[in-house]
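# A closer look at the structure
As a plain string of letters, each chain reads:
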Protein chains: 2
Amino acid sequence: MELDERKIKILNSIIQTYLITGEPVGSRTISKYTDLNLSSATIRNEMSDLEEMGYIIQPHTSAGRIPSDKGYRFYVDNLMKEKVAEVDEVKEVFLQKADKIDRLLKQVAKLLAVNTNYATMISGPQYKRNKIKFVQLSRVEADQLLVVIMIDGNIIKNRLIQVRQEVGEEEVAKLNIVLNTYLQGLSLMEINMELVQRMKVQASEYQEIIREVIDAIAVAVQEEDDLEIYTSGTTNLLSYPELNDKEKARALISTLEEKKELTDLLLNAPDDDEGEKRGIQVYIGSETPVTSMKDCSIVTATYELEEGVQGTIGIIGPKRMDYKKVVGNLQTLMNQLDEIYKKK
Amino acid sequence: MELDERKIKILNSIIQTYLITGEPVGSRTISKYTDLNLSSATIRNEMSDLEEMGYIIQPHTSAGRIPSDKGYRFYVDNLMKEKVAEVDEVKEVFLQKADKIDRLLKQVAKLLAVNTNYATMISGPQYKRNKIKFVQLSRVEADQLLVVIMIDGNIIKNRLIQVRQEVGEEEVAKLNIVLNTYLQGLSLMEINMELVQRMKVQASEYQEIIREVIDAIAVAVQEEDDLEIYTSGTTNLLSYPELNDKEKARALISTLEEKKELTDLLLNAPDDDEGEKRGIQVYIGSETPVTSMKDCSIVTATYELEEGVQGTIGIIGPKRMDYKKVVGNLQTLMNQLDEIYKKK
DNA sequence: ATTAGCACTCTAACACGATGAGTGCTAACA
DNA sequence: TGTTAGCACTCATCGTGTTAGAGTGCTAAT
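Residues numbered from 1 in each chain as written. Chains lettered and ligands numbered in written order. Predicted model: local features only at pLDDT ≥ 70, side-chain atom pairs only at ≥ 80, totals over all residues. Heavy atoms only, no water.

### What about the relation of the copies chain B and chain A?
Put simply, the second copy of the chain is the first one after a rotation about an axis and a shift along it. The transformation that overlays chain B on chain A combines an axial shift of 0.0 Å with a rotation of 180 degrees, and the residual RMSD is 0.2 Å. Put plainly, the chains are arranged around a two-fold axis. Counting the interface residues of chain B, we find that 100% of their copies in chain A are interface residues as well, pointing to one common contact surface. (Least-squares fit on C-alpha atoms with pLDDT ≥ 70 in both. Contact = heavy atoms within 4.5 Å.)

### Focus on the protein's contact with DNA strand D
Close to DNA strand D lie 21 residues, the nearest being Ser27 of chain A together with Arg6, Thr42, Thr61 and Ser62 of chain B. If you look at DNA strand D and keep only atoms within 4 Å of the protein, 77% of those are sugar or phosphate atoms. A distance of 2.8 Å is found between a phosphate oxygen of DNA strand D and a side-chain nitrogen or oxygen belonging to Arg6 of chain B. Breaking the surface near DNA strand D down by element, the ones donating at least two residues are α3 (40-53) of chain A together with α3 (40-52) of chain B. Each residue belonging to the surface near DNA strand D can be placed in one class, and the counts come to 4 nonpolar, 13 polar and 4 charged. (Near = heavy atom within 4 Å. Polar contact = N/O pair within 3.5 Å; in protein donor to acceptor, adjacent residues only side chain to side chain. Helix = DSSP H or I, 4+ residues; strand = E, 2+ residues; numbered from the N terminus. Nonpolar A, V, L, I, M, F, W, Y, C, P; charged D, E, K, R; others polar.)

### Some points on the sheet that holds strand β6 (residues 155-162) of chain A
All names here are of chain A. Sheet architecture is open: 3 strands sit in the order β4-β5-β6, paired in antiparallel fashion. Every other strand in the sheet has two partners, leaving β4 (132-141) and β6 as the edge strands with one partner each. Taking each pair of neighbouring strands and ignoring which way they run, the sheet shows an average axis angle of 20 degrees. Relative to strand β5 (residues 144-151), β4 runs antiparallel, the two sharing 8 bridges. Paired with Arg139 across the bridge in β5 is Leu145. Strands β4 and β5 of the sheet are contacted by helix α7 (residues 169-183), whose axis makes an angle of about 165 degrees with β4. (Pairing = 2+ DSSP bridges. Axes fitted to C-alpha atoms, helices over the stretch in contact; angles between N-to-C directions.)

### Observations concerning the sheet that holds strand β5 (residues 144-151) of chain B
Residue and element names in this part refer to chain B. Within the open sheet, the 3 strands sit side by side as β4-β5-β6. Their pairing is antiparallel. Edge strands, defined here as strands with exactly one partner in the open sheet, are β4 (132-141) and β6 (155-162). Within this sheet the neighbouring strands show an average axis-to-axis angle of 20 degrees, counted without direction. Summarising the sheet, β5 and β6 pair through 8 bridges and their orientation is antiparallel. In the strand pairing of β6, Met150 is matched with Ile156. Seen against the sheet, helix α7 (residues 169-183) touches β4 and β5 and runs at an angle of roughly 165 degrees to β4.

### Quick word on helix α8 (residues 193-203) of chain A
In an α-helix, one turn spans 3.6 residues, which is why side chains three or four residues apart end up on the same side. Residues and elements named next belong to chain A. For α8, the complete set of buried residues consists of Leu195, Val196, Met199, Lys200 and Ala203. Considered in projection along α8, the buried side chains sweep an arc of 140 degrees and stay on one side of the axis. Positive backbone phi, approximately 40 degrees, marks Ser204, located one or two places after α8. (Buried < 20%, exposed > 50% of the residue type's maximum accessible area, 1.4 Å probe, protein only. Arc of directions from axis to C-beta.)

### Re the protein's contact with DNA strand C
Neighbouring residues of DNA strand C: 21 residues in total, closest Arg6, Thr42, Thr61 and Ser62 of chain A together with Ser27 of chain B. The protein-proximal atoms of DNA strand C, defined as those within 4 Å of the protein, are 74% sugar or phosphate. The separation between a base oxygen of DNA strand C and a polar side-chain atom of Arg44 of chain A is 3.4 Å. One of the side-chain N or O atoms of Ser27 of chain B is found 2.5 Å from a phosphate oxygen in DNA strand C. Looking at the surface near DNA strand C, the elements with two or more residues in it are α3 of chain A together with α3 of chain B. Among the elements that make up the surface near DNA strand C, the one with the highest residue count is α3 of chain A (4 residues). Taken together, the residues of the surface near DNA strand C sort by class into 4 nonpolar, 13 polar and 4 charged.

The values are spatial; any link to function lies outside them.
What follows is the structure, encoded as structure tokens:
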């Protein structure tokens, strides 16, 4: 059987209506509120076909139809014309220029959650590919040093290290010079053992400290489990009747709170492909890798602050989420980010 | 009417039973499972009295009784003998010695949530009374400086500042000396204008930078809105039937997510009074200052890591929460904290 | 190919009665 | 005077039966 023009129109109608009402839609509704001028009986036949083809589902014998995952997928891929989003507020928020990046991310998450009325999550940027801007060693106590590492993108990490031998101010100053001469401008991957050896030679009796510092840098920069994920609006999900199985809702919000499971989702996001849809990905129902979200849909987008500093934003809602709006929102958000961070 | 020995025993029985079952308890249950050897009829009379006195409530005519807020209050104040908690795991967690304090707090929150099956919240420590351990100024770009501030308790704050005039490495070194000579060992309150003036004189043409740095310190140290609050186990609350009004549950979890409203609760916690109950506070039902938690009880405790570095932990559960266990848990937790941080 | 009409199915909503837990009251008892 | 047995009463809960309405699938007519 083929998906002809008319079937597509009907399918679109069904999905549109369902997105708004959240209730199964019947043949009569479609017949009345479409410009096709067909009787409900005809629609019924078409719907029967659509069901057979797997685009829609009947929850029970005498109910209307609701879109299946396949139906939503078709909608997202072919029928949806993106809305130009009305998120001008975004700009406002960014102009406050939150200096600390995590605060910014929290704001974005919240803004999106309020705007869309879905749950949002956002992962902090990954630094791995980044270069060390400078390293600063300071003496706290005789046997305690503070390492401050600044990475491209003005991200600052601190690390406190204990050393066995005592060090004085002058040595610290000397070490600072060594460290910066060798490390500045390097990414973590570029720090190899040969380099470390050379540094150790330079540091003469303070080899151990060099080793400690390198370790600290590695930990601070890599810090896989430091992947911060901020969520917002999780309780929005409680207001969608299709998710009101209590146990499921609980599991869902729990995953959002735990955050562990979300990492996969956010890290495996596709790269920014710079096309119209720039790294925007839609998971529908069982397409998502997280089991507790089988009844939801997730839209993710990859943002990039500066070269190589990138993270992911995700929006979680019911399968009948307003895909247009969500995608639109994300798109403008990405643009805003570009505008502010890249053109700066 | 007086609350005699027998009435107290009965009240205690009712509360105990209700804590376990979560269902209204009837006269017959008490008569059977108490060593008072009284018939249900007698119990009924007594219960009638207790109701009149306001300690218990009848949800509807033909149901058993449940404790009122007043009843719980009496229980907490007079009847409860604290359980010695079985939170030896706490020690384990602490020994991992999470170097970053916020990670530690998250762990504690989670541990408590898992242990008690209630929701927990924990506020990061307040630094206000703390002394500056050292200040470190570093040159990032010609017109961009990084201020690293370390406070007692090894808490590190970073601040990036823009300056109008350009500064070279030597000036930064000089400024560092000035800053540390004047500021080391001072608390924010002790930095007065006179001191700032003296520093400015020393810094000669770099007065502006001194001002900027002081500002940065003030912001970084004070940072009221930076009060981090971590929550955990919020979804635990969904499993208590008495909180399953959907709208209420939503509001409740929402407050926990928003965190704004929690600040009052956590900041106004009473000081550590070093007695047996060391700063542990119990809010029952309508006693709490947060409206969405009218149907819950909250237990808060104040912890202190080092002199002056203190914050608050809160546990939120249904009114029939296991007060003994919660208070016990918090108490051992406090002790552990003391042991590890103070005796060090 | 489309449509009107009809029989059929299924859910949601409501009423009804049975059940049982629990109470309050009264009268008898120690 | 305190305690208890007994009984009538209340009320939430649960299962059942009924009804209304929405929606379908099929068939026959257009």
